[in-house]
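Now for the letters of each chain:
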Amino acid sequence: SRRGRAFCESPGLLLVESGAMAPKSQAKQNEPRCDFPIDQAIVVGGGLAGMTAANTVLENGAKVVVLDKSSFCGGNSSKATSGINGSCTQTQKDKGIDDSNDLFLSDTLKGGAKKPEIAKVLVWESGPAVDWLMHTFNLDLSLVARLGGHSAPRTHRGKERFPGMTITYALIQMVERIQENTAGGMARIVNKAKVVDLITNNGAVIGCKYEKGGDVIQTFGPVILATGGFGADFTADSLLAKYRPDLMHLPTSNGEHCTGDGIKMGEAVGAASLDLEWVQVHPTGLVKIGEEDAKVKFLAAEALRGVGGLLIDSEGNRFANELGRRDYVTGEMWKNKAPFRLCLNSLASTEIHWHCEHYKGRGVMKKYDTGADLAKELGVDVKKMEAVWQAHYEASQKHEKDPEGGPFPAYPSGKSWDEPSGKTGCGKKFYHNVIPGSQFATETFHVAIVTPVIHYCMGGLEISAKSEVVTAKGKVIPGLYAAGEVAGGVHGNNRLGGSSLLDCVAFGRVAGKACAEYMLGEDMKTVALKDLAGGDPVAKPAAATAGSTAAAPVAGAAAAPTTGGYTMEEVAKHTTKDDCWVVLHGQVLDVTSFLKDH
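Residues numbered from 1 in each chain as written. Predicted model: local features only at pLDDT ≥ 70, side-chain atom pairs only at ≥ 80, totals over all residues. Heavy atoms only, no water.

**Thoughts on the overall build of the protein**
When helices and strands are counted, the protein shows 18 helices and 30 strands. Scored against the burial criterion, the 598 residues of the protein give a buried share of 56%. A separation threshold of at least 6 residues defines the contact pool for the protein, and within that pool the share at least 24 residues apart is 70%. Of the roughly 24,900 Å² of accessible surface on the protein, 51% is carried by carbon and sulfur atoms. (Helix = DSSP H or I, 4+ residues; strand = E, 2+ residues; numbered from the N terminus. Buried < 20%, exposed > 50% of the residue type's maximum accessible area, 1.4 Å probe, protein only. Contact = heavy atoms within 4.5 Å. Areas by Shrake-Rupley, 256 points an atom, 1.4 Å probe, with all protein chains shown as cover.)

This is how it looks when you write it as structure tokens:
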């Protein structure tokens, strides 16, 4: 067994048999204090990469603690809206979709990846990753779409809700259930815990220091960094300011926690970083009328274009291949006239109905009963709009009859009949939910105003094919792993849509397994997560609906009636930032004091 080899005596610390450190004496006031669970992995970051790594560590017989500096886990992963890529998945096979790992790898390399050995891990782990999510966590990933840069439909999502939220919360809940069932003996989640330093000894990472509630706490074990990127750090000394000052004026889709902590801590112990200058700008950040200058914007899922959404400029013209690479679409937007609109006809909006309803609820998407109404709001002649849609329709028909006969170069290969995109050198060749121009004036549309936003950092800490963090000389740093956006070199200079969630799950699993093997060696064993969690989850009670009654409020809400609880109409009276109630699983919760953290 390799257990304990990295954990040698150092000043103030004492090697214990398990390989964990214990303090020689009680820490004095204002000095770091230690907690020292036995044989644990430390996961820094509670998003999808971190929770995948945590579940994988548990699956292989080891213990884990997850440290997250936010008030609750989820990270950016929980906001991902398009889906997770996977080739050769069971869902693809069930739907008769012709795809292969080799084709996915080719698309990934054409899309921007520069390290074939790392890209190969991403791709070959993709099918098993998607199937693992479906089978181990009983997730619905039964819908498959083709996003920009993909030669086959391979981006998986469920029938309802955003896939990032559904997937990430399922993995969080599994770790929470294991924590509860084992009384923290196998798993712990610690929120509002900001990791500030990695602890090293003889070149190996043996733990970390984190701040919580005014204390500095040391905890020991190998570390898996899953801290995300730096796309929300607009401070003068940020990685964004250092490597991409030209993007500092743009809004971002990232949460405020994305400040590059893991990259900085890794570099401080000798880790190499790469590709930090490659920051992806996503073309479709959603603009809310009245809040056009908001620095943080919600993202329009790329799946909206995958189901047939068309991009038009302020004059109603198409100007790009909607299914091109993200950097390409953004580049074409810079060349044309804003504001830009993403338009979904009734077929497209029905296919992605849940997303559209959510966006309308947020006030960032509008329904037009007719195309004529849309043209009127744009101030564009409806006949011109009909011509734009008719040209797109005719290009789709010509492509169906003669796929390689078009006059324009297509992306990722071949020929295209579509003139607006063809003139850019990236002709469109995949069409879905297309309508003729004659249908435009009476067609129903869901439309969003969109603008480019900082979205994803391709650069980060350099890793091996086993997610081990390496030095500039390529030497593995024992006890240190990275997964998700904090790891660089996976996507090169551009990431394909749907490969972010995949990166988190694929390399989260790789890192978790490698870390467990590092700790346990031959003692590593396969453990069923549901057994650790105490069996399959119990069904939760249904939430209250309009006209029904719910239990009395908790957490300081007004006193409940003596009988009957509250009606939904009564709850609906409490919808301000100073008085906010919600109904969850039949209970009324006063969340006013929670709004700051949420």
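There's more to say after this.
**Details of the pairing of strand β4 (residues 40-44)**
Of all 5 residues making up β4, 5 are buried, and the element is well covered by its neighbours. Burial along β4 is two-sided: the face carrying Gln40, Ile42 and Val44 and the face carrying Ala41 and Val43 are both buried. Sheet analysis places β4 next to strand β5 (residues 63-68), joined by 5 bridges and oriented parallel. Considered in β5, the bridge of isoleucine 42 is made with valine 65. This β-α-β element, β4 to helix α1 (residues 48-59) to β5, shows right-handed connectivity. Summarising the sheet, β4 and strand β13 (residues 223-225) pair through 3 bridges and their orientation is parallel. (Pairing = 2+ DSSP bridges. Right-handed = clockwise from strand over helix to strand, strands pointing away.)

**Re the nonpolar core**
Counting residues in each nonpolar core, the largest one holds 97 residues, and the members touching the most others are Leu67, Ile84, Leu133, Phe137, Ile167, Leu171 and Ile178. Of the residues forming this core, the biggest block, 13 residues, is contributed by helix α16 (residues 499-520). Counting residues in hydrophobic clusters, the runner-up holds 28 residues, among them Phe298, Ala303, Met333 and Cys426. (Core = buried A, V, L, I, M, F, W, Y, C linked by side-chain atoms within 4.5 Å.)

**Details of the side chain of asparagine 60**
Its place among the elements puts asparagine 60 in the loop between α1 and β5. Among the polar contacts listed, one links the side chain of asparagine 60 to the backbone oxygen of threonine 56, at a separation of 2.8 Å. (Polar contact = N/O pair within 3.5 Å; in protein donor to acceptor, adjacent residues only side chain to side chain.)

**Observations regarding the packing of aromatic side chains**
Following the criterion strictly, the structure yields 12 aromatic pairs and no others. For the pair tryptophan 389 and phenylalanine 440, a centre-to-centre distance of 4.9 Å together with 50 degrees between the ring planes defines the contact as tilted. Of this pair, tryptophan 389 sits in helix α14 (residues 382-401) while phenylalanine 440 sits in the loop between α15 (419-422) and β21 (445-457), and the two are 51 residues apart along the sequence. Taken as a pair, tryptophan 389 and phenylalanine 440 share a single burial class, namely buried. Ring geometry for phenylalanine 440 against phenylalanine 445: centres 5.2 Å apart, planes inclined by 50 degrees, an arrangement best described as tilted. Neither phenylalanine 440 nor phenylalanine 445 differs from the other in exposure class; each is buried. Members of the aromatic cluster, joined through ring pairs, are Phe162, Phe298, Trp354 and Tyr359. Across from the ring centre of phenylalanine 298, 4.0 Å away, lies the NZ or CZ of arginine 362, which sits over that ring. (Phe/Tyr/Trp six-rings, centres within 6.5 Å; stacked < 30°, edge-to-face > 60°. Lys NZ or Arg CZ within 6 Å of the ring centre and 35° of its normal.)

**Some words on the sheet that holds strand β14 (residues 273-274)**
An order of β14-β22-β25 is seen for the 3 strands of this open sheet, with the pairing classed as mixed. At either end of the open sheet lies a strand with only one pairing partner, and these are β14 and β25 (487-488). Relative to β25, strand β22 (residues 460-462) runs parallel, the two being bridged by 2 bridges. Among the inter-strand pairings, glutamate 462 is bridged to a residue of β25, identified as glycine 488. Seen against the sheet, helix α8 (residues 261-268) touches β14 and β22 and runs at an angle of roughly 40 degrees to β22. (Axes fitted to C-alpha atoms, helices over the stretch in contact; angles between N-to-C directions.)

**As for the sheet that holds strand β8 (residues 155-157)**
The strand order across the open sheet built from 3 strands is β6-β8-β7, with neighbouring strands paired in antiparallel fashion. Strands with a single pairing partner mark the edges of an open sheet, and in this sheet they are β6 (84-85) and β7 (143-145). Pairing of β6 with β8 involves 2 bridges; the strand directions are antiparallel. Its bridge partner being in β8, asparagine 85 is matched across the sheet by threonine 155.

**What about the environment of glutamine 90?**
With respect to the helices and strands, the residue glutamine 90 is situated in helix α2 (residues 90-95). Here glutamine 90 falls in the partly exposed class, since its relative accessible area comes to 35%. Distance in space between the C-alpha atoms of glutamine 90 and serine 142 is 9.3 Å, their sequence separation being 52 residues.

**Quick word on the pattern of salt bridges**
Applying the stated rule across the entire model yields 18 salt bridges. For glutamate 462, the salt bridge is made with lysine 115, and the minimal N-O distance between the two is 3.1 Å. Placement of glutamate 462 in strand β22 and of lysine 115 in the loop between α3 (101-111) and α4 (116-124) is noted, with a sequence separation of 347 residues between them. Overall, glutamate 462 belongs to the partly exposed group, its relative accessible area being 21%. (Salt bridge = Lys/Arg side-chain N within 4 Å of Asp/Glu carboxyl O.)

**A look at the confidence of the model for the protein**
Confidence in the prediction of the protein, expressed as mean pLDDT, is 89, and 89% of residues score 70 or more. Per-residue pLDDT stays below 50 along residues 1-37; that stretch engages in 74 contacts with residues further than four places along the chain or on separate chains. Segment residues 538-562: pLDDT under 50, and 52 contacts once partners within four positions in sequence are set aside and those in other chains are kept. (pLDDT = per-residue confidence, 0-100.)

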